[in-house]
Amino acid sequence: MMTYERAKAIFAGAGLPLCETHFQQFSTYLKELVETNAHMNLTAITEPEEVWAKHFLDSAVLLQKVSLPLGISCIDVGTGAGFPGMVLAILRPDLQITLLDSLQKRIGFLEHTAELLGLGNVRCVHARAEDGAQDPAYREQFDFATARAVAAMPVLTEYCLPFVKIGGRFAAMKGPSETAETAENAIALLGGKVISEESYTLEQAGERRLIVVEKETATPTKYPRRSDKIKKKPL
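A few points on the structure.

Here is what the cut-offs are and how they apply
- Residues numbered from 1 in each chain as written.
- Predicted model: local features only at pLDDT ≥ 70, side-chain atom pairs only at ≥ 80, totals over all residues.
- Heavy atoms only, no water.
- Phe/Tyr/Trp six-rings, centres within 6.5 Å; stacked < 30°, edge-to-face > 60°.
- Lys NZ or Arg CZ within 6 Å of the ring centre and 35° of its normal.
- Pairing = 2+ DSSP bridges.
- Helix = DSSP H or I, 4+ residues; strand = E, 2+ residues; numbered from the N terminus.
- Axes fitted to C-alpha atoms, helices over the stretch in contact; angles between N-to-C directions.
- Contact = heavy atoms within 4.5 Å.
- Expected span 1.5 Å × (residues − 1).
- Bend = angle between axes of the 7 residues up to and from the residue.
- Buried < 20%, exposed > 50% of the residue type's maximum accessible area, 1.4 Å probe, protein only.
- Salt bridge = Lys/Arg side-chain N within 4 Å of Asp/Glu carboxyl O.
- Disulfide = S-S within 2.5 Å.
- Polar contact = N/O pair within 3.5 Å; in protein donor to acceptor, adjacent residues only side chain to side chain.

Some words on the packing of aromatic side chains
Counted under the stated rule, the structure contains 11 aromatic pairs. Taken together through their ring pairs, the aromatic side chains of Tyr4, Phe11, Phe23, Phe26, Tyr29, Trp52, Phe56 and Phe83 make up a single cluster. Residue placement shows Lys65 over the ring face of Tyr200; its charged tip is 4.6 Å from the ring centre.

A few points about the sheet that holds strand β5 (residues 164–174)
Taken in spatial order, the 7 strands of this open sheet run β3-β2-β1-β4-β5-β7-β6, and their pairing is mixed. In the strand order of this sheet, the two ends are held by β3 (122–126) and β6 (192–202), each with one partner. When strand polarity is set aside, the average angle formed by the axes of neighbouring strands in this sheet is 20 degrees. Of the pairings in the sheet, the one linking β6 to strand β7 (residues 206–215) comprises 10 bridges and is antiparallel in character. Its bridge partner lying in β7, Tyr200 is registered against Arg208. Helix α5 (residues 104–116) rests against β2 (96–101) and β3 of the sheet, and its axis sits at about 170 degrees to β3. Those strands touched by helix α7 (residues 153–160) are β1 (73–77), β4 (142–148), β5 and β7, and its axis lies near 145 degrees from that of β5.

Re helix α3 (residues 48–65)
With 18 residues, α3 should reach 26 Å at 1.5 Å per residue; the first-to-last C-alpha distance of 25 Å fits that figure. Along its length, α3 shows its largest kink, about 35 degrees, at Leu57. All of the buried residues in α3 are Val51, Trp52, Ala53, His55, Phe56, Leu57, Asp58, Ser59, Ala60, Val61 and Leu62.

Focus on the pattern of salt bridges
Across all of its chains, the model carries 17 salt bridges by this definition. Here Glu5 makes a salt bridge to Lys8, at a shortest N to O gap of 3.7 Å. Here Glu5 and its partner Lys8 are both found in helix α1 (residues 4–12), 3 residues apart, which amounts to about one turn of the helix. On the accessibility criterion, Glu5 (53% relative accessible area) is exposed. Taking the shortest distance from any N to any O, the salt bridge between Asp58 and Arg208 comes out at 3.0 Å. Taken together, the positions of Asp58 in helix α3 and Arg208 in strand β7 put the pair 150 residues apart, joining distant regions of the chain. Under the relative-accessibility criterion, Arg208 is labelled buried at 18%. Linked by salt bridges that have partners in common, Asp58, Arg148 and Arg208 make up one network.

As for the state of the cysteines
Taken as a whole and judged by the stated rule, the model has 0 disulfides. The closest cysteine sulfur to the non-disulfide-bonded Cys19 is located on Cys74, 19 Å from its own sulfur. Cys74 takes part in no disulfide bond, and the closest cysteine sulfur, belonging to Cys160, lies 13 Å away. Judged by relative accessible area, Cys74 falls into the buried class, the value being 2%.

Some words on the side chain of Arg92
Among the structural elements, Arg92 can be located in the loop between α4 (85–91) and β2. There is a polar contact of 3.4 Å between the side chain of Arg92 and the backbone oxygen of Pro69. A distance of 2.8 Å separates polar atoms of two side chains, one belonging to Arg92 and the other to Asp94. When sequence neighbours within four positions are dropped, the list of residues in contact with Arg92 reads Leu63, Leu68, Pro69, Leu70 and Asn121.

In structure tokens, the structure reads:
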């Protein structure tokens, strides 16, 4: 069983505070995650200490690395079990968070969990990224987009950058081996510019890389392409 003191220590190791209210919300989230995971594949990580370090903390660190103004609109593309989007929604209730995923069962889990946690700032959308980004309701409608380990950087950029408004940003949460250089062509074609790239290590979760792209011009209407084309011939 995870105690408040232990959870605080995990967050403090990365220089992040954790209040008791957020601890209670994360504890409920963890319980729902583990129970649902017993009959639906949400995550391979279910041991409480690992979930706190490799999901909750790993997601929360984004708020330390990227400055997000009050009340902005954010989309988590390919959110899966809600990482990092649900974590951002818990820690920053002012943010308007959209969780997008292609699997209806995961969306059902996320809607149920958001309601259970009392998160009025969360909207869950069932759609493939390439379809959602062509929908006028979502295309270039967000101040900030993020995704965690969904696909290789050139592919991920094509999935995510079309959601971002001109002047907005896209933050890719990646493993240590990927760099912005691999996606230079994709980023330029889709209207973006790399503004930062940082490697960092979380004591219990390993080495991470965060690539932040600013949207300078509108994404050409032909992007994103169909998923098979994106994967077969990355930009």
